[in-house]
Amino acid sequence: MKIVVLTSNINEARVPNRIAELRKRGYELEVFCYCRDPERPFIKEDGVAYHVLGEVGRGSSSYFKRLFAEFKDIRKVIRQYKGLDVVFYLINNDTALLYYLIGGRQPFIYEEADLRHTYFSSGILRRIFEYIDKRIIRKSLLTVFVSKGFAKYHYGSGGIPENVAYAFNKLNPAIMDLPYKRVRIPDVNHLKVAFVGSIRLFDSLYNFAKVFCESFPDNEFHFYGNVIDEKFYQLKSLPNCFFHGPFSNPSDLPGIYSDVDMVLSTYDVRYDNVRYAEPNKIYESIYFEVPIVVSSGTYLAERVSETGVGYSLDAMNDAEVKDFISSLTTESLLQKSANAHMIPKQESVIDNDDLFRTFESRMELKRQL
């Protein structure tokens, strides 16, 4: 079976991971993609044809401008495969939205990694795009959510369609080949806290780092990753705040996590997407046994509470941040690490057998119709 992958962001780590999975399972692939970070080359899978449709620089255009720019490219790809026996794999909601609006006829898989429309300021637009999103899910051969929180957002406590499956933001299996053993003993008077990933303007992330560095000068905050929003560079004036630049995933992760006491994953809860998402940071926290700090009132906070691997707080509340750091104990941090250690490493690594069993069963059902 040939699968045509359409993605608006080939630089996102989970996208090459998904392509590698599909290839490993024997599917013939052709990939049409956009680059969001032209300075950072993406990993190509052997035996897969890649076609870069364009480059979208950091913050260069709004969501609707990008949709307009991508419309003609995606229409050409759809026409190229018209009438052929292929399945489209649509990664991210903009490619799925355009496929739906253009009227693609081939069966498609929709992978939703963000509730993008929840960022719209207009309530009317949010409702319209939510309606369209659920129609796309209903018409898909299979819809893949990267968080169970997304199903909760769309359908509440019940009524989830049978064509919904899950593929969580876990680590690349190659991480298992890299040596790692947690030996760091935290010193609560000289803590090292890190954010690992694309550094975008989430006020809660910025505020935590600022309050932490200003209020606890003997502690350190470290940023690893591309700086998408340059406002964060204002923190460079703080002597205990450090920026290390881009890193390679997964090869650099063991070195990063071996040298920090906590990892930060606080995002702005005013957005529904944040409240229902399950970022890959929880799986990195568990795998590397590093306690995680997340925003309270989120699905991620529920997962952290269930696993006992971290803490939740309101990162926009300066007093709460200060109280949290002041009250931390070595024993508490070591217990969070111990809880993570009790979870088998394999559970934090990509293994989507259930997803592909569901996919094959859906394909078999299609053949019978």
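Residues numbered from 1 in each chain as written. Predicted model: local features only at pLDDT ≥ 70, side-chain atom pairs only at ≥ 80, totals over all residues. Heavy atoms only, no water.

Engineer: Hey, could you run me through the state of the cysteines in this one?
Structural biologist: Here, the word disulfide means a covalent bond between the sulfur atoms of two cysteines. For the structure on display, the rule yields zero disulfides. Cysteine Cys-33 remains unbridged, with the sulfur of Cys-35 as its closest cysteine sulfur at 5.5 Å. Overall, the relative accessible area of 0% leaves Cys-33 in the buried class. For the unlinked cysteine Cys-213, the closest cysteine sulfur is that of Cys-241, found at 4.4 Å. Look at Cys-213 and you get buried, because its relative accessible area is 3%. (Disulfide = S-S within 2.5 Å. Buried < 20%, exposed > 50% of the residue type's maximum accessible area, 1.4 Å probe, protein only.)

Engineer: Explain the nonpolar core to me, please; I cannot follow it from the model alone.
Structural biologist: Phe-208, Phe-212, Phe-221, Phe-223, Met-262 and Ile-325 are the most contacted members of the largest nonpolar core, which has 33 residues in total. Of all the elements in the fold, those that place two or more residues in this core are β8 (192-196), α6 (203-215), β9 (220-224), β11 (262-265), β13 (310-313) and α11 (318-327). Per element, the largest residue contribution to this core is seven residues, and it comes from α6. Ignoring sequence-local partners within four residues, the contact set of Phe-223 consists of Phe-195, Ile-199, Leu-205, Ala-209, Phe-232, Leu-235, Cys-241, Phe-242, Phe-243, His-244 and Gly-245. Tyr-81, Leu-97, Phe-129 and Tyr-155 belong to the second-largest nonpolar core, a separate cluster that totals 32 residues. (Core = buried A, V, L, I, M, F, W, Y, C linked by side-chain atoms within 4.5 Å. Helix = DSSP H or I, 4+ residues; strand = E, 2+ residues; numbered from the N terminus. Contact = heavy atoms within 4.5 Å.)

Engineer: Looking at this structure, how should I read the sheet that holds strand β5 (residues 108-112)?
Structural biologist: Through backbone hydrogen bonds, the strands of a sheet pair up, either in parallel or in antiparallel fashion. Across the sheet, seven strands lie side by side as β3-β2-β1-β4-β5-β6-β7; this open sheet has parallel pairing. In this open sheet, the two edge strands, each paired with only one partner strand, are β3 (49-55) and β7 (164-166). Between one strand axis and the next, the sheet turns by 20° as a mean value, whatever way the strands run. In the sheet, strand β1 (residues 2-7) pairs with strand β2 (residues 28-35) via six bridges, with the strands oriented parallel. Counted as the bridge partner of Val-5 is Val-31 from β2. Strands in contact with helix α4 (residues 123-139) are β5, β6 (142-145) and β7; relative to β5, the strand with the most contacts, it is inclined by about 135°. Along the sheet face, helix α13 (residues 353-368) touches β1, β4 (86-91), β5, β6 and β7 and points at about 165° away from the line of β6. (Pairing = 2+ DSSP bridges. Axes fitted to C-alpha atoms, helices over the stretch in contact; angles between N-to-C directions.)

Engineer: Honestly, the packing of helix α3 (residues 93-102) against α4 in this entry has me stumped. Any pointers?
Structural biologist: A packed helix pair is summarised by two numbers, namely the angle formed by the two axes and the spacing between the axes. Contact pair α3 / α4: the axes reach a minimum separation of 10 Å and the direction vectors enclose 80°. The angle between α3 and α4 places the two elements in the roughly perpendicular class. Contact with α3, carried on its side by Ala-96, Leu-97 and Tyr-100, involves Phe-129, Ile-132, Arg-135, Ile-136 and Lys-139 of α4 and no other residues of that element. (Parallel < 35°, antiparallel > 145°, perpendicular 65-115°, else oblique.)

Engineer: Whenever I open this one, the packing of α4 against helix α5 (residues 148-155) confuses me. Can you help?
Structural biologist: The N-to-C vectors of α4 and α5 enclose an angle of 115°; their axes lie 11 Å apart at closest approach. Crossing geometry of α4 relative to α5 is assigned as left-handed. Across from Glu-130, Asp-133, Lys-134 and Ile-137 in α4, the residues of α5 making contact are Tyr-153, His-154 and Tyr-155. In the contact of α4 with α5, the residues fall into three nonpolar, one polar and three charged. (Left-handed = near helix turned anticlockwise from the far one by under 90°. Nonpolar A, V, L, I, M, F, W, Y, C, P; charged D, E, K, R; others polar.)

Engineer: What am I meant to see in the pattern of salt bridges here?
Structural biologist: When the charged atoms of two side chains lie near each other, side chains of opposite charge can form a pair. Following the criterion strictly, the structure yields 19 salt bridges and no others. Here Lys-210 ties to Glu-214 by a salt bridge, and the two come within 3.3 Å at their closest N and O atoms. Residue Lys-210 and its partner Glu-214 are both found in helix α6; the two are separated by four residues, about one turn of the helix. Residue classification places Lys-210 among the partly exposed residues on the basis of a relative accessible area of 29%. Relative accessible area serves as the criterion here: at 45%, Glu-214 is assigned to the partly exposed category. Of the charged contacts in the structure, one is a salt bridge between Glu-306 and Arg-303, with a shortest N-O distance of 3.4 Å. One end of the pair is Glu-306 and the other is Arg-303, both in helix α10 (residues 299-307) and three residues apart, which spans about a single turn. A relative accessible area of 59% places Glu-306 in the exposed class. A network of salt bridges, in which partner residues are shared, links Glu-12, Arg-14, Arg-18, Glu-21 and Glu-111. (Salt bridge = Lys/Arg side-chain N within 4 Å of Asp/Glu carboxyl O.)

Engineer: Looking at this structure, I do not really get α3. What am I missing?
Structural biologist: Because an α-helix completes one turn every 3.6 residues, residues spaced three or four positions apart along the sequence face the same direction. Of all ten residues making up α3, seven are buried, and the element is well covered by its neighbours. Of the residues making up α3, those classed as buried are Asn-93, Asp-94, Thr-95, Ala-96, Leu-97, Leu-98 and Tyr-99. Buried residues belonging to α3 abut β1, α2 (63-80), β4, β5 and α4. Of the residues one or two after α3, Gly-103 is the one with positive phi, at around 90°.

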